[in-house]
Amino acid sequence: MLRRLIVLLLFLLSLSLAGCRSQPPPAPATASFQEYKSDIVGLEFYVNQSSGEPKQIINLNDKQLTRRLLDFLGQLPGTNPPPSSWGGARDYLAFKFTRNGETLASKQYPYYHQDNGPGYLELEDGWHQVPLKFSTNLATLAQYPEATSDVDPADVAFLKQYGWTVFYKIKSYTGGLPDTFQHESGEYPVSLYYAYNNELSKDVGLDLTPYLGKNVQINLYKLEEPLPAFMKPRQDASRAVIVRDGDKIVGAWLDAGRHDAFACSLKGRRMEEITGKTWGQWVDQFIDHHNEQEKLISQMTPEKVIETYYEAIDHKDPRTAHACETRRRLVTYLFKNMDNNRLYNYSYATNDADEISNITRARVIRIQPYQVPGPEDPNIKRYVVEVELNVRRVITYDSGRQIRFFTLRRETPTTGWRIDDIGTGP
């Protein structure tokens, strides 16, 4: 009996103490978009995954950049729900806003978007139409996690002279320019990257030549305007590169990012238009024609170039293998599968861009010329090549006999035949 009385007393005491404690306040009601719209300071973008929770791919805390994106979002006119047959992406947006000095995150709003038309955003009061320009800029921003509105005012003013508006800074780099624009046989073509873009810089009165070998600062910007029409379908990849020696702008050009960044000058002119030369005529002046390997390969037949290419791979001599390729093909390694936060890939092997580094053994079995319909170009020859290849790991093919279709080009009158393309079909 006494034991029951003690238990009862303890229970009553616990109730009394609970009543004395302050209770946590009820959770505040979720604010609606219209209530916090003017106080938005950040944005989150979530992508649906086939399994599991949506994945956050943008977590933007830059207020100025967020407000610029909201300008593209516009007035969000009401509209009917997206069609049941919607074939675009079905993702989510969330907004960060300030209340009483505290930053809060909204709920995730369904956000339907596509590559070629307006999208949809479902808010508390129903569905709203989203302009394509917002969707395009949001998708591009996802590639640039370090994007910032902290831009150099002098860079902004300089670009504005030529009609270009800075959207945000992608990144800044500090490093050395090459010692020369001259390209040696088989070397990684960083010198050609700067030689090419220096022609674009000259179109606006700048010249990198006095600064070769020096450390410089390079600012990479995303632009609001698209590149000129001749850059289709890469117009929306518009970026500007500003090269600085201290406070002085010494180089500037437009670029188009991954896969093929070469674009045009700030005046919208291509290298060929500026110099009056074709690629082959232009690049010839930057080749060291006295290099012994350069002279040796320049004298080879097309078949011998192919054999030398695979012999070099088999002997673990990638520089000689690359020396068998045209300069036009070499510069594609600068941008192939490039991380868009870079100006160019840092080496031939970056991001598996260089197939050569994956081959451990190579033996040519057969080389046979072939032709394609249409008029013949005396500076182009084509061959079907059967080759035995061993690879370190499977990327696009396994070890074994392979058929490759080679295009060889006489890129300049003095450099002879070089490999311009290697494909798996004619």
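Please refer to the structure higher up on the page.
Keep in mind that this is a model prediction, so the values were computed, not measured.

About the thresholds
- Residues numbered from 1 in each chain as written.
- Predicted model: local features only at pLDDT ≥ 70, side-chain atom pairs only at ≥ 80, totals over all residues.
- Heavy atoms only, no water.
- Phe/Tyr/Trp six-rings, centres within 6.5 Å; stacked < 30°, edge-to-face > 60°.
- Helix = DSSP H or I, 4+ residues; strand = E, 2+ residues; numbered from the N terminus.
- Buried < 20%, exposed > 50% of the residue type's maximum accessible area, 1.4 Å probe, protein only.
- Lys NZ or Arg CZ within 6 Å of the ring centre and 35° of its normal.
- Core = buried A, V, L, I, M, F, W, Y, C linked by side-chain atoms within 4.5 Å.
- Contact = heavy atoms within 4.5 Å.
- Pairing = 2+ DSSP bridges.
- Axes fitted to C-alpha atoms, helices over the stretch in contact; angles between N-to-C directions.
- Expected span 1.5 Å × (residues − 1).

Draft legend 1. Structural context of the packing of aromatic side chains. Applying the stated criterion to the full structure yields 34 aromatic pairs. For the ring pair Y112 and W127, a centre distance of 5.2 Å and an interplane angle of 70° mean the geometry is edge-to-face. Of this pair, Y112 sits in strand β5 (residues 109–113) while W127 sits in strand β7 (residues 126–130), and the two are 15 residues apart along the sequence. For the pair formed by Y112 and W127, the shared burial category is buried. Three or more aromatic residues joined by ring pairs make a cluster, and in this case those are F181, Y193, Y194, Y196, W253, F262, W279, W282, F286, F335 and Y344. Directly above the aromatic system of W279 lies the positively charged group of R328, at a separation of 4.7 Å from the ring centroid.

Draft legend 2. Seen up close, the nonpolar core. F95, F134 and Y194 are the most contacted members of the largest nonpolar core, which totals 66 residues. The dominant element in this core, judged by the number of residues it contributes, is helix α6 (residues 190–202), at 6 residues. Setting aside anything within four residues of it in sequence, one finds F134 in contact with L43, L69, F72, L73, L93 and Y111. Counting residues in hydrophobic clusters, the runner-up holds 25 residues, among them I306, A312, A321 and I356.

Draft legend 3. Representation of the pairing of strand β10 (residues 239–245). Buried residues dominate β10, accounting for 6 of its 7 residues. Pairing of strand β9 (residues 215–223) with β10, which is carried by 6 bridges, proceeds in the antiparallel orientation. Bridge pairing links N219 to I242 in β10. Where β10 and strand β11 (residues 248–255) come together, 7 bridges link them in antiparallel fashion. Within β11, the residue paired with V243 across the bridge is G251. Counted along the chain from β10 to the antiparallel partner β11, the turn is 2 residues long, and its residue G246 has a positive phi close to 65°.

Draft legend 4. Up close: the sheet that holds strand β8 (residues 166–176). A sheet is described by the order of its strands in space; here 5 strands give the open sequence β8-β9-β10-β11-β12, paired in antiparallel fashion. Unpaired on one side and paired on the other, β8 and β12 (262–264) mark the two borders of the sheet. Put simply, the sheet's adjacent strands are angled 35° from each other on average, direction ignored. Pairing geometry for β8 and β9, over 9 bridges, is antiparallel. Looking across to β9, one finds that Y173 is bridged to I218. Packed on one face of the sheet, helix α5 (residues 153–160) meets β8, β9, β10 and β11 and runs near 125° to β10.

Draft legend 5. Fine view of α6. Across its 13 residues, α6 extends 18 Å between first and last C-alpha, which sits within 8% of the 18 Å expected from 1.5 Å per residue. Of all 13 residues making up α6, 11 are buried, and the element is well covered by its neighbours. Turning to α6, the residues buried within the fold contact β9, β11, β12, α7 (271–275), α8 (279–283) and α12 (327–332).

Draft legend 6. Looking closely at the sheet that holds strand β13 (residues 359–369). Here 4 strands make up an open sheet; going across it, the order is β13-β14-β15-β16 and the pairing antiparallel. Since the sheet does not close on itself, it has two edges, and those belong to β13 and β16 (417–423), each with one partner. The mean inter-strand angle of the sheet, taken between neighbouring strand axes irrespective of direction, is 35°.

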